[in-house]
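Each chain, written out:
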Amino acid sequence: DTELDPLSTVCHCELGIEDLNEVFMVCKNFSNHWKLIGLQLGLMKPILDNIKNDCDDVRERMLEMLASWLKRESRKQPRPSWHILLKALSEYDRIKTAQIASEFICNHKY
């Protein structure tokens, strides 16, 4: 059913901390779910608890969570990519995520 899955064509190219602004612009409307999205992205609960204690605003928490995810160096977890991010977001709003996904169809040459 890959034809019906809007995420099937989303770019798997790696993301890094230099992509934080663009990633945050995509995710900011999901800020109320920042902690659960962080868990789905593979961040550990103590890291998320520190973010919660350090930041009062949910958008600031989302920004810090995404920065932690983008900076993560883990052999156990796949490197950050649009595909992984949009898959996590789709748990909260499939229609909105499908609309976002259409903007990130992979056409990169690398």
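Predicted model, so just to flag it, every value in this text is computed and none were measured.

*Asks:* Sorry if this is basic, but what is going on with the side chain of Arg61 here?
*Replies:* Looking at the element boundaries, Arg61 is found in helix H4 (residues 58-71). Of the side chains bearing the opposite charge, Asp56 lies closest to the buried Arg61, which forms no salt bridge; the N-O distance is 5.1 Å. Contact partners of Arg61, with chain neighbours within four places excluded, come to Trp34, Ile51, Lys52, Cys55 and Asp56.

*Asks:* Help me understand helix H5 (residues 82-89), please; the structure alone is not making it clear to me.
*Replies:* Residue pairs spaced three or four apart in an α-helix point in one direction, given the helix's 3.6 residues per turn. Extensive coverage of H5 is indicated by the burial of six of its eight residues. Of the residues making up H5, those classed as buried are Trp82, His83, Leu85, Leu86, Ala88 and Leu89. Looking at the packing, one finds that the buried side of H5 touches helix H1 (20-27), helix H2 (34-40), H4 and helix H6 (94-101).

*Asks:* Sorry, what's going on with the packing of helix H3 (residues 45-54) against H4 here?
*Replies:* Axes are the key here: two packed helices are described by the angle between their axes and the distance separating the axes. At a minimum axis separation of 9 Å, H3 and H4 run at an interaxial angle of 145°. Between H3 and H4 lies a crossing whose hand is right-handed. Contact with H3, carried on its side by Ile47, Leu48, Ile51 and Lys52, involves Arg61, Glu64, Met65 and Ser68 of H4 and no other residues of that element. Its residues assigned to classes, the contact of H3 with H4 shows four nonpolar, one polar and three charged.

*Asks:* What is the right way to read the environment of Val23 from this model?
*Replies:* You can see Val23 is positioned in helix H1. Spatially, the C-alpha atom of Val23 lies 9.8 Å from that of Ser81, the residues being 58 residues apart in sequence. Those residues within four positions of Val23 in sequence are excluded, and the remaining contacts are Leu15, Leu66, Leu70, Trp82 and Leu85.

Conventions used here
Residues numbered from 1 in each chain as written. Predicted model: local features only at pLDDT ≥ 70, side-chain atom pairs only at ≥ 80, totals over all residues. Heavy atoms only, no water. Helix = DSSP H or I, 4+ residues; strand = E, 2+ residues; numbered from the N terminus. Buried < 20%, exposed > 50% of the residue type's maximum accessible area, 1.4 Å probe, protein only. Lys, Arg positive; Asp, Glu negative; His and termini not counted. Salt bridge = Lys/Arg side-chain N within 4 Å of Asp/Glu carboxyl O. Contact = heavy atoms within 4.5 Å. Axes fitted to C-alpha atoms, helices over the stretch in contact; angles between N-to-C directions. Left-handed = near helix turned anticlockwise from the far one by under 90°. Nonpolar A, V, L, I, M, F, W, Y, C, P; charged D, E, K, R; others polar.

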